[in-house]
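A closer look at the structure
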Amino acid sequence: MTAGLRLFTIETRRNAGLWLFPVLVGLAWYAGHERYPDGVTLWIDVSFGIGMGMVLAALAAGGLAAFMAGRNRRRGMSELLATTPQSPAVREVSLWASTAIWGILAYLSVGAYFLVDGVRHATWGGPDPLPILVGLTAMVAFSAIGYAAGALVPSRFVVPVVPVALYLAQVVALLGWDRPSMFLVPWGFLESGHSVFTEIHASWALWLIPWLVGLAVVALAATVLRQKRTPRVITALTVGMTLAIVSGAMLLRMEQREGDPVPYDSVCAETPIPVCVHPAYRAVLDETAAIAGPVLAPLAGIDGAPQRAGQIAFGTDQPDVLTIAPWSSRYDTEGVVAYGVAADVIAPNRYPNPNFTSAGFGLTEVQGALILWLLRQADPAWATETLESRLPLLPNDVPFEEWDTHVPRLVAASERFAALDPAERHAWLDAHFADVRAGRLTLDDLP
Amino acid sequence: MMLTVLYLRSRQAPMAVLAVALVTVCSYVFLRWYDDEAEALHVALILGPLAAACVVGAGVHSPFGEVERATSFPLARLRSAHLGGLLVGGAVALAIVVARWQEQDAPLAMARNVAGLGGLALLAASIVGARLSWVAPMVLGMATLFAPVAATPWWAWPAMSGGRDAAWVVAIVLLLVGLSLAASTRTRGAVGDPSA
């Protein structure tokens, strides 16, 4: 065994990472245990779930590395170690690697657990190495950055600030999701809306990996340079910087967040307005159709109503298809999902804000009344749940405190509409459906 | 007086005050930068107090633990004033940063989170040592940031509105337990790092 390897072994055994290993495993598991729809486990979700494990575990690994980087200084060993024949580069890299290995082991352990789960339950696709590799590289890079921070800034307050700073840096790059900086962040790639509808954005992952490796090399080289400047370390710093700059520039030039679309044939349920899902979600088609089918049934044949309801890839424009997600009890109750379907078909423009936040959110009273009617005719319990949960039914300029004053009018209007002759109701909807969806009618226009 | 000054210097209290001030400034800049983003407020309400709490936890460490234990002067009041002062200062400063936000009772939530996460950091400092005390609040804070916003789980109390009594109870209990332990027990090193 060489001296370097022996040093690494000793450092690994006598490392705070051993104590923090369960914490690292817990964080990787918590961040990665993706919430799949009931009964559907897809390999793409499993692969990205493994990668997502890094989002929290890498923060702790960074803090741990910062803690270990200051160990020799805390023990007053720096000068003594400087007199030993072992090169500072070997010492620093050995200590960093023996610390990083605990984070990597935690990440891989959780990854192995998710892989086994995938082998047992996955119904579509196959494991994809790219998100897993991005997560692994991020674990290495965050650990190296934390180590450099702990080694270069001699303060007790640096260690606890490192995980927070690493998290904040990612959030700043990601918030808004419309800045080029999001491409620099592994979390951005791992949360980029992966799905069975599109290929994995391979070029994003393939530039992220050298970017993260470059950052890690720069961080470690800077740590070693603090002690000794050798041509080898300066070369490593130069190579790392070149790698980071080139791959960072390539990432900042990217524009497309999603990969290319993957063609597929939907599977559909026989409802008045067909409810369709991607074949990967066949297992939840019946449950999905049992909610969306009855809600949409009265709109079959209405001019301007959707011809189909189902999943479509994010960003694709199919005006005659109402987008719905496969049913999952992990997301919401049946009543809330039914409300979403009714609101989407009656008031598609209620989110004027492209980020789907509540700013400017609004429905007209006619839309609120018709949503209630659609829910009540499908299942009265869903309408009751909508009212009891105070899901949005009113224009956004109505103060929340006035809910009880306004809602009875909507309920009365929806009951009046429900009492109409079906042919008369159909004819009115046929004539006014576009105006309803555009929010151009008032409650007095409703028969 | 001299003892107080020496005590505060041994805990790097001026640096801790500076670090808490830096956290406050960063929180302010972050919120101003993302003025209209509700998500930014959610992040700031947890991340700001988390950073402040970790700084306070790290401030518990003393390089003179052995010497202090040998003195007859009771340090509990000094420790309480030092740590409590840092927490109160951090809570007030961060609450002022979000004073103009009425959503989620933001100023109250900010103060509560500084108290609760700070208490957790002090509790951890008493158990695993000051240098690793950041791990406990970090795990809770980061897990809370990942918890679903719509249906906040019971353990993610830092994400709850500032008006929720249950979250306040948890925060105050953590603060009292953490502060009393940190004030009364001897300073110890970190696990896996006996000389820290």
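What counts as what
- Residues numbered from 1 in each chain as written.
- Chains lettered and ligands numbered in written order.
- Predicted model: local features only at pLDDT ≥ 70, side-chain atom pairs only at ≥ 80, totals over all residues.
- Helix = DSSP H or I, 4+ residues; strand = E, 2+ residues; numbered from the N terminus.
- Buried ≥ 20, exposed ≤ 12 C-beta atoms within 10 Å, placed from the backbone.
- Contact = placed C-beta atoms within 7 Å.
- Rg over C-alpha atoms; globule rule 2.2 N^0.38 Å.
- Nonpolar A, V, L, I, M, F, W, Y, C, P; charged D, E, K, R; others polar.
- Domains from an automatic or database assignment.
- pLDDT = per-residue confidence, 0-100.
- Axes fitted to C-alpha atoms, helices over the stretch in contact; angles between N-to-C directions.
- Parallel < 35°, antiparallel > 145°, perpendicular 65-115°, else oblique.
- Left-handed = near helix turned anticlockwise from the far one by under 90°.
- Pairing = 2+ DSSP bridges.
- Expected span 1.5 Å × (residues − 1).

**Here's the deal with the overall build of chain B**
- Within chain B one finds 8 helices and 0 strands.
- Ordering the α and β elements of chain B from the N terminus gives α-α-α-α-α-α-α-α.
- Out of the 196 residues in chain B, the part that is buried amounts to 51%.
- In chain B, 79% of the contacts between residues at least 6 apart in sequence involve partners at least 24 apart.

**Quick word on the overall build of chain A**
- From N to C terminus, chain A includes 17 helices and 4 strands.
- Against the 2.2 N^0.38 benchmark of 22 Å for 447 residues, chain A shows a C-alpha radius of gyration of 28 Å, more extended than a compact globule.
- Principal-axis analysis of the C-alpha atoms gives chain A an extent of 95 × 45 × 40 Å.
- Here chain A holds 447 residues, and the buried ones make up 44% of them.
- The contacts in chain A between residues at least 6 apart in sequence include a share of 77% that link residues at least 24 apart.

**Quick look at the interface of chain B and chain A**
- If you look at the interface, chain B gives 34 residues, while chain A gives 31 residues.
- Of all the secondary-structure elements, those providing two or more residues to the side of chain B that touches chain A are α2 (13-33), α3 (38-58) and α7 (135-146) of chain B.
- Sort the elements by how many residues they give to the side of chain B that touches chain A and α3(B) lands first, with 11 residues.
- Its residues placed into classes, the side of chain B that touches chain A shows 24 nonpolar, 5 polar and 5 charged.

**Looking at the environment of A:A269**
All names here are of chain A.
- Within the secondary structure, A269 sits in strand β1 (residues 267-269).
- The partly exposed category is assigned to A269, around which 18 C-beta atoms lie within 10 Å.
- What A269 contacts, discounting residues up to four positions off in sequence, is P274, V275, L285, D286, A289 and G293.

**Here we look at the domain arrangement of chain A**
- With domains assigned, chain A is organised as domain 1 (3-252) and domain 2 (267-445).
- Placing a centre on the C-alpha atoms of domain 1 of chain A and another on those of domain 2 of chain A gives a separation of 45 Å.

**Some remarks on the environment of A:V345**
Residues and elements named next belong to chain A.
- Looking at the secondary structure, you find V345 in helix α13 (residues 334-346).
- For V345, a count of 25 C-beta atoms within 10 Å translates into the label buried.
- Residues V345 and V295, spaced 50 residues apart in sequence, show a C-alpha to C-alpha distance of 9.7 Å.
- If we skip the residues at most four places from it in the chain, V345 touches L296, L299, P306 and L322.

**A look at the confidence of the model for chain B**
- Across chain B, pLDDT averages 84, with 89% of residues at or above 70.
- Low pLDDT, under 50, characterises residues 190-196 of chain B; the stretch is placed with 26 contacts to residues that sit more than four places away or in other chains.

**Some remarks on the packing of helix α2 (residues 16-32) of chain A against helix α3 (residues 43-69) of chain A**
Residue and element names in this part refer to chain A.
- Two numbers describe how α2 lies on α3: the axes approach to 7 Å, and their chain directions differ by 155 degrees. Compared by their axis directions, α2 and α3 come out roughly antiparallel. In this structure, the crossing between α2 and α3 has a hand that is right-handed. Counting all contacts with α2, which are made through A16, G17, L20, V23, L24, L27, A28, W29, Y30, A31 and G32, the residues of α3 involved are G49, I50, M52, G53, V55, L56, A57, A60, A61, L64, F67 and M68.
- Among the residues forming the contact of α2 with α3, the class breakdown is 19 nonpolar, 4 polar and no charged.

**As for the sheet that holds β1(A)**
Residue and element names in this part refer to chain A.
- The mixed open sheet is built from 4 strands, whose spatial order is β1-β2-β3-β4. Each having just a single partner strand, β1 and β4 (321-323) make up the two edges of the open sheet. Taken pair by pair, the neighbouring strands of this sheet meet at an average axis angle of 30 degrees, ignoring direction.
- Summarising the sheet, β1 and strand β2 (residues 275-277) pair through 3 bridges and their orientation is antiparallel. Bridge pairing in β2 places V267 opposite V277.
- Contacting β1, β2 and β3 (308-310), helix α12 (residues 285-296) runs over the sheet at an angle of about 150 degrees to β2.

**Side note on the packing of helix α5 (residues 76-97) of chain B against helix α8 (residues 165-184) of chain B**
Residues and elements named next belong to chain B.
- One way to put it is that α5 packs onto α8 with a least axis distance of 8 Å and a crossing angle of 135 degrees. One finds that α5 runs oblique with respect to α8. The handedness of the crossing between α5 and α8 is right-handed. Facing A76, R79, S80, L83 and G84 of α5, the residues of α8 in contact are L179, A182, A183 and S184.
- Classifying every residue of the contact of α5 with α8 by side-chain character gives 5 nonpolar, 3 polar and 1 charged.

**Focus on α13(A)**
Residue and element names in this part refer to chain A.
- End to end, α13 covers 18 Å across 13 residues, agreeing with the expected 18 Å (1.5 Å per residue, within 8%).
- Most of α13 sits inside the fold, with 10 of its 13 residues counted as buried.
- Within α13, burial applies to G335, V337, A338, Y339, V341, A342, A343, D344, V345 and I346.

**Side note on unusual backbone geometry**
- Backbone geometry at A:R390 places phi at a positive 55 degrees, although glycine is not the residue there.
- The class of A:R390 is exposed, set by 12 C-beta atoms lying within 10 Å.
- Although it is not a glycine, B:Q12 adopts a positive phi angle of roughly 50 degrees.

**Quick look at the environment of A:W43**
Residue and element names in this part refer to chain A.
- Within the element layout of this structure, W43 appears in helix α3.
- Between the C-alpha atom of W43 and that of L115, which follows or precedes it by 72 residues, the distance is 8.8 Å.
- In contact with W43, other than residues within four places in its own chain, are G118, A122, W124, G125, G126, P127 and D128.

**Considerations on the confidence of the model for chain A**
All names here are of chain A.
- Residues of chain A with pLDDT of at least 70 account for 93%, and the chain-wide mean is 86.
- Per-element averaging of pLDDT across chain A places helix α5 (residues 78-82) at the bottom with 79 and helix α7 (residues 129-152) at the top with 95.
- Low confidence marks residues 353-360, where pLDDT is under 50. Its contacts with residues over four positions away, or in another chain, come to 7 contacts.

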